[in-house]
Amino acid sequence: MNRPVINIDEAALKDRAHGASFAVKWGRLGPVLGLTCLGCAVHVVAPGMRAFPFHRHHVADELFFVVSGTGEYRFGKQTYPLRAGDVVAAPAGTEAHQIINTGTEELRYLGISTTGSVDIVDYPDSDKVGLAAGVKDADLSTATYVGMGRLTAADYWDGEPDDDQ
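Residues numbered from 1 in each chain as written. Predicted model: local features only at pLDDT ≥ 70, side-chain atom pairs only at ≥ 80, totals over all residues. Heavy atoms only, no water.

### Looking at empty space enclosed by the protein
Scanning the entire structure with this criterion turns up one cavity of 30 Å³ or more. Its volume calculated, the largest cavity comes out at about 40 Å³. Around the largest cavity, the lining residues are Arg-28, Gly-30, Pro-31, Leu-35, Thr-36, Cys-37, Leu-38, Gly-39, Thr-115, Asp-137 and Ala-138. Its residues placed into classes, the lining of the largest cavity shows five nonpolar, four polar and two charged. (1 Å grid on protein atoms, 1.4 Å probe; cavity = no way out; pocket = protein on both sides within 12 Å on 5 of 7 lines; lining within 4 Å. Points joined across faces, edges and corners; volume = space filled by probe spheres on them. Nonpolar A, V, L, I, M, F, W, Y, C, P; charged D, E, K, R; others polar.)

Shown next as structure tokens:
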């Protein structure tokens with residue numbers, strides 16, 4: 001941490017995109033400010049785009065603050081209009097969520113979240129589950145375990161050796 005203050009215009013943004021629907025300029029502020037238990041990132045989303053798939057965290061709480069632009073907040077089966085000044089909640093373990101830029105200008109928002117060493121995230125639209133453990137400073141690249149896939153139901157003992165055999 002060089003100083004305890006940073007302007008969101010000073011955030012180092014990285015492009016992240018996938019296909020024709022997902023694109024965001026994204027920059028983490030939490031580590032720059034020396035935060036280890038609270039995440040904060042700037043998101044800049046072009047018109048018609050979304051930053052991330054529809055998802056639900058089971059451990060991390062998320063809060064979003066719309067700085068500029070307009071959009072839509074998809075929360076479970078509901079959608080809500082978004083505009084500058086809105087504060088948006090995504091409590092852990094409740095409904096899946098997604099922010100979509102439905103406006104004609106860039107949508108800028110801050111994503112603020114609790115951080116920890118473990119999280120489980122499910123993706124209802126694609127029926128995936130993501131798991132991460134051993135995460136340090138909210139940096140997924142530091143995780144000791146990361147898994148992404150689709151689960152097949154199994155009994156606790158399924159596949160384990162049976163001493164009678």
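From this point, the discussion proceeds with the structure in view.
### Here's the deal with the sheet that holds strand E3 (residues 38-45)
Across the sheet, which stays open at both edges, the six strands sit in the order E1-E2-E3-E10-E5-E8 with antiparallel pairing between neighbours. A single partner strand is all that each edge strand has here, and the edge strands are strand E1 (14-18) and strand E8 (87-90). Recorded for the sheet is a direction-independent mean angle of 25° between the axes of neighbouring strands. Relative to strand E10 (residues 107-114), E3 is paired through eight bridges, and the arrangement is antiparallel. Following the sheet pairing, Cys-40 is matched in E10 by Ile-112. (Pairing = 2+ DSSP bridges. Helix = DSSP H or I, 4+ residues; strand = E, 2+ residues; numbered from the N terminus. Axes fitted to C-alpha atoms, helices over the stretch in contact; angles between N-to-C directions.)

### Examining the nonpolar core
Within the largest apolar cluster, 14 residues are counted, with the highest numbers of intra-cluster contacts made by Val-45, Phe-64, Tyr-73, Leu-82, Ile-99, Leu-107 and Tyr-109. For this core, the secondary-structure elements that each account for two or more residues are strand E5 (62-68), strand E6 (70-75), E8 and E10. Residues Ala-11, Val-42, Val-44 and Leu-110 belong to the second largest nonpolar core, which totals six residues. (Core = buried A, V, L, I, M, F, W, Y, C linked by side-chain atoms within 4.5 Å. Buried < 20%, exposed > 50% of the residue type's maximum accessible area, 1.4 Å probe, protein only.)

### Some thoughts on the pattern of salt bridges
Where charged atoms from two side chains of opposite charge come close, those side chains can pair. In the structure shown here, the tally under the stated rule is four salt bridges. Of the charged contacts in the structure, one is a salt bridge between Glu-10 and Arg-3, with a shortest N-O distance of 2.7 Å. Owing to a relative accessible area of 46%, Glu-10 belongs among the partly exposed residues under this scheme. Glu-106 is the partner of Arg-108 in a salt bridge, and the nearest nitrogen-oxygen pair spans 3.7 Å. Overall, the relative accessible area of 23% leaves Arg-108 in the partly exposed class. (Salt bridge = Lys/Arg side-chain N within 4 Å of Asp/Glu carboxyl O.)

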